[in-house]
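Examination of the molecular architecture
Chain residues, written in single-letter form:
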Amino acid sequence: FSRTAYDNAMILSCIAGNDANDSSTVSVGASDYMRALTGKLREGLRIGVVENAIGAQGMDDEIVRAVDTAITQFEKMGAYVTRVSMNTLDYSAA
């Protein structure tokens, strides 16, 4: 697990690309995903929030608050947040 987007990008940079020991990987070179991190959102970024996942029974209140805080921050940074519902999610197993 990682705590930041930078940590995620660093891990992805290390593991991305072709793996000679895994026949299911794509034959492409590795990329430096950290290079794209500028601290700014791409203009016109749209984020979908699945409401019935966030509000699902048993969802920890601390997690819901953290997601709501992140959504508010993304909106302040210029992202367009759309709240959606996935009806089939209500019938899925945990």
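These notes cover the structure that comes with them. Predicted model only: the values in this text are computed from it and were never measured. (Residues numbered from 1 in each chain as written. Predicted model: local features only at pLDDT ≥ 70, side-chain atom pairs only at ≥ 80, totals over all residues. Heavy atoms only, no water.)

Our focus in this paragraph is the overall build of the protein. The helix and strand inventory of the protein stands at three helices and two strands. Each helix (α) and strand (β) of the protein, taken in turn from the N terminus, gives the series α-β-α-α-β. By the compact-globule yardstick of 12 Å for 94 residues, the protein is too spread out, its C-alpha radius of gyration being 17 Å. Here the C-alpha coordinates of the protein stretch approximately 45 × 35 × 25 Å along the principal axes. Here the protein holds 94 residues, and 9% of them are scored as buried. Partitioning the contacts of the protein with sequence separation of at least 6, the portion at a separation of at least 24 is 58%. Carbon and sulfur atoms make up 54% of the accessible area of the protein, which amounts to about 7,900 Å² in all. Distance between charge centroids for the protein: 9 Å, based on 8 positive and 12 negative side chains. (Helix = DSSP H or I, 4+ residues; strand = E, 2+ residues; numbered from the N terminus. Rg over C-alpha atoms; globule rule 2.2 N^0.38 Å. Buried < 20%, exposed > 50% of the residue type's maximum accessible area, 1.4 Å probe, protein only. Contact = heavy atoms within 4.5 Å. Areas by Shrake-Rupley, 256 points an atom, 1.4 Å probe, with all protein chains shown as cover. Lys, Arg positive; Asp, Glu negative; His and termini not counted. Charge placed at Lys NZ, Arg CZ, Asp CG, Glu CD.)

Okay, the pattern of salt bridges next. Within the structure shown, the criterion is met by one salt bridge. Here Arg 83 makes a salt bridge to Glu 51, at a shortest N to O gap of 2.5 Å. Here Glu 51 lies in helix α2 (residues 51-54) and Arg 83 lies in strand β2 (residues 80-84), a separation of 32 residues in the sequence. (Salt bridge = Lys/Arg side-chain N within 4 Å of Asp/Glu carboxyl O.)

On to the environment of Asn 18, then. For Asn 18, the location among the structural elements is in the loop between α1 (5-15) and β1 (46-50). In this structure, Asn 18 is in contact with Thr 25, Val 26, Ser 27 and Val 28, ignoring residues within four places of it in sequence. Side chain to side chain, Asn 18 and Thr 25 meet in a polar contact 2.9 Å long. (Polar contact = N/O pair within 3.5 Å; in protein donor to acceptor, adjacent residues only side chain to side chain.)

Considering the arrangement of structural elements, one finds Asn 52 in helix α2. Excluding residues that lie within four positions of it along the chain, Asn 52 makes contacts with Val 84, Ser 85, Met 86, Asn 87, Leu 89 and Asp 90.

Before going further, it helps to examine the environment of Asp 22. Here Asp 22 shows up in the loop between α1 and β1. A relative accessible area of 31% places Asp 22 in the partly exposed class. The sequence separation of Asp 22 and Tyr 80 amounts to 58 residues, and the corresponding C-alpha distance is 38 Å.

If you check helix α3 (residues 61-76), its first and last C-alpha atoms are 23 Å apart, about what 16 residues at 1.5 Å a residue would give, namely 22 Å. Capping of α3 at its N-terminal end is provided by Asp 60; its side-chain oxygen lies 2.7 Å from the backbone amide nitrogen of Glu 62. (Expected span 1.5 Å × (residues − 1).)

Here Ser 13 shows up in helix α1. A distance of 3.4 Å separates a polar atom in the side chain of Ser 13 from the backbone oxygen of Ser 31. Apart from residues no more than four positions distant in its own chain, Ser 13 is found in contact with Ala 30, Ser 31, Asp 32, Tyr 33 and Met 34.

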